[in-house]
Structures are given as C-alpha cells and as structure tokens.
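# Descriptive analysis of the structure
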Amino acid sequence: MKTKMEDIDKLIKDTLTQEEAKFYDELDEQNVFKMVGGLYKGKNAWLTIIMHIITTIVFGLLIYCIIQTFDAEKTNDLLLWIAGVFFCFMVMGMLKIFAWMQMHRNATIREIKRLELQVSSLSGKMSN
C-alpha cells in the first residue's frame, strides 16, 4: 500500500510545476508536535494563547481545590470543594477537546488544499 501511495504522489508531482510541487510537499501529513505548533499560526493564534492561559489558571484552581478538600472538616464544605475539582476537570477537558478539534480542522483543510491542487493539475492536463 505504501508503494502505491508513493507512486501516486510521484505522478502528481511530475504533473506539477516546481512551485506547485513545493507547495504540495508542505501539505503532507504532520506529526502531533507540528499540529500543536499549527495552532499558534493563523488568525486564531490569539484564541489558542488565551485558551492555554485559562487552562493554566484553572489547573492552579484545581490544585487549590484539592488541597482544600483535604482540609475540609464539614461534609458540606467537602462536597463543595469536590464539586470545584470536578468543575476544573470539566473546564480543562473542554478546552483540550477544543484544541484537538482545531488540529483536526487544520488537517482537514490541508487535505482539501491537496485535493484542490490535484484537481487543478488534472484540469490543466486535460485542457492541453
């Protein structure tokens, strides 16, 4: 299967100009670290930075709630601090899910751009 994909990629690169081939190579699959780095590029980089600042603040609040849970003497106080712990976990989880969804969106956009480039290349060959 790997050789078939490499053959298809080679055929596509042969039909592209040098500039288009370079752009096509940039659209290749990324590892997780490059995907995370991609969150800090583009129009929504500010949102990612704010999201990570909020996650750090909520993590500090989580640690505080856990410490207060061990110091609570009344059952009602204990339940409130445990509710705070669960709330912090939920907020952090939702922010992480949002980040993963953004990474998935970026990967989908990259694949769509690859398809657009391939269609453009094929339409150019057919018109000649």
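First, a word on what this report is: a plain description of the structure on this page. Remember, predicted model here, so these are calculated numbers, not experimental data.

## Describing the overall build of the protein
For the protein, the count of helices and strands is five helices and zero strands. Secondary structure elements in the protein, listed N-terminal to C-terminal, are α-α-α-α-α. Considering the protein as a whole, with its 128 residues, one finds that 22% of them fall into the buried category. Contacts spanning at least 24 positions in sequence make up 67% of the contacts within the protein whose residues lie at least 6 apart. Of the roughly 10,100 Å² of accessible surface on the protein, a fraction of 67% belongs to carbon and sulfur atoms.

## Structural notes on helix α4 (residues 45-71)
The end-to-end C-alpha distance of α4, which contains 27 residues, comes to 40 Å, matching closely the 39 Å that a straight helix rising 1.5 Å per residue would cover. Those residues of α4 that fall on the buried side of the exposure criterion are Ala45, Thr48, Met51, Thr55, Val58, Leu62, Cys65 and Thr69.

## Section: a nonpolar patch on the surface
Where nonpolar side chains cluster on the molecular surface, the patch consists of Val32, Val36, Tyr40, Ile49, Ile53, Ile57 and Trp100 and spans about 680 Å² of accessible area. Taken together, the elements giving at least two residues each to the nonpolar patch come down to α3 (32-38) and α4. If you tally residues by element for the nonpolar patch, the top one is α4, at three residues. With respect to the helices and strands, the residue Ile57 is situated in helix α4.

## Points about the packing of aromatic side chains
One pass over the structure, following the stated rule, counts one aromatic pair. Judged by centre distance (5.6 Å) and plane angle (80 degrees), the ring pair of Tyr64 and Trp81 falls under edge-to-face. Placement of the pair is Tyr64 in helix α4 and Trp81 in helix α5 (residues 75-127), with a sequence separation of 17 residues. Overall, the relative accessible area of 27% leaves Trp81 in the partly exposed class.

## So, the nonpolar core
Looking at soluble globular proteins, one finds that nonpolar side chains tend to be buried together. Core analysis: the largest hydrophobic core is formed by twelve residues, namely Leu39, Met51, Val58, Leu62, Cys65, Val85, Cys88, Val91, Met92, Leu95, Ala99 and Met103. Counting only elements with at least two residues in this core, the list comes to α4 and α5. Those residues in contact with Met51 that lie beyond four places of it in its chain are Leu95, Phe98 and Ala99.

## Some thoughts on the side chain of Thr48
Of note, Thr48 is situated in helix α4. Contacts of Thr48, omitting those with residues within four sequence positions, involve Leu39 and Tyr40.

## Some thoughts on the environment of Ile66
Residue position: Ile66 is located in helix α4. A sequence separation of 16 residues divides Ile66 from Ile82, and the C-alpha atoms of the two residues are 7.5 Å apart.

## Describing the state of the cysteines
Tallied over the entire structure, the rule returns zero disulfides. Cys88 takes part in no disulfide bond, and the closest cysteine sulfur, belonging to Cys65, lies 4.7 Å away. Using a relative accessible area of 1% as the deciding quantity, one classes Cys88 as buried.

Rules and cut-offs
- Residues numbered from 1 in each chain as written.
- Predicted model: local features only at pLDDT ≥ 70, side-chain atom pairs only at ≥ 80, totals over all residues.
- Heavy atoms only, no water.
- Helix = DSSP H or I, 4+ residues; strand = E, 2+ residues; numbered from the N terminus.
- Buried < 20%, exposed > 50% of the residue type's maximum accessible area, 1.4 Å probe, protein only.
- Contact = heavy atoms within 4.5 Å.
- Areas by Shrake-Rupley, 256 points an atom, 1.4 Å probe, with all protein chains shown as cover.
- Expected span 1.5 Å × (residues − 1).
- Patch = residues over 30% accessible without salt bridge, like charges linked within 9 Å, V, L, I, M, F, W, Y side chains within 5 Å.
- Salt bridge = Lys/Arg side-chain N within 4 Å of Asp/Glu carboxyl O.
- Phe/Tyr/Trp six-rings, centres within 6.5 Å; stacked < 30°, edge-to-face > 60°.
- Core = buried A, V, L, I, M, F, W, Y, C linked by side-chain atoms within 4.5 Å.
- Disulfide = S-S within 2.5 Å.

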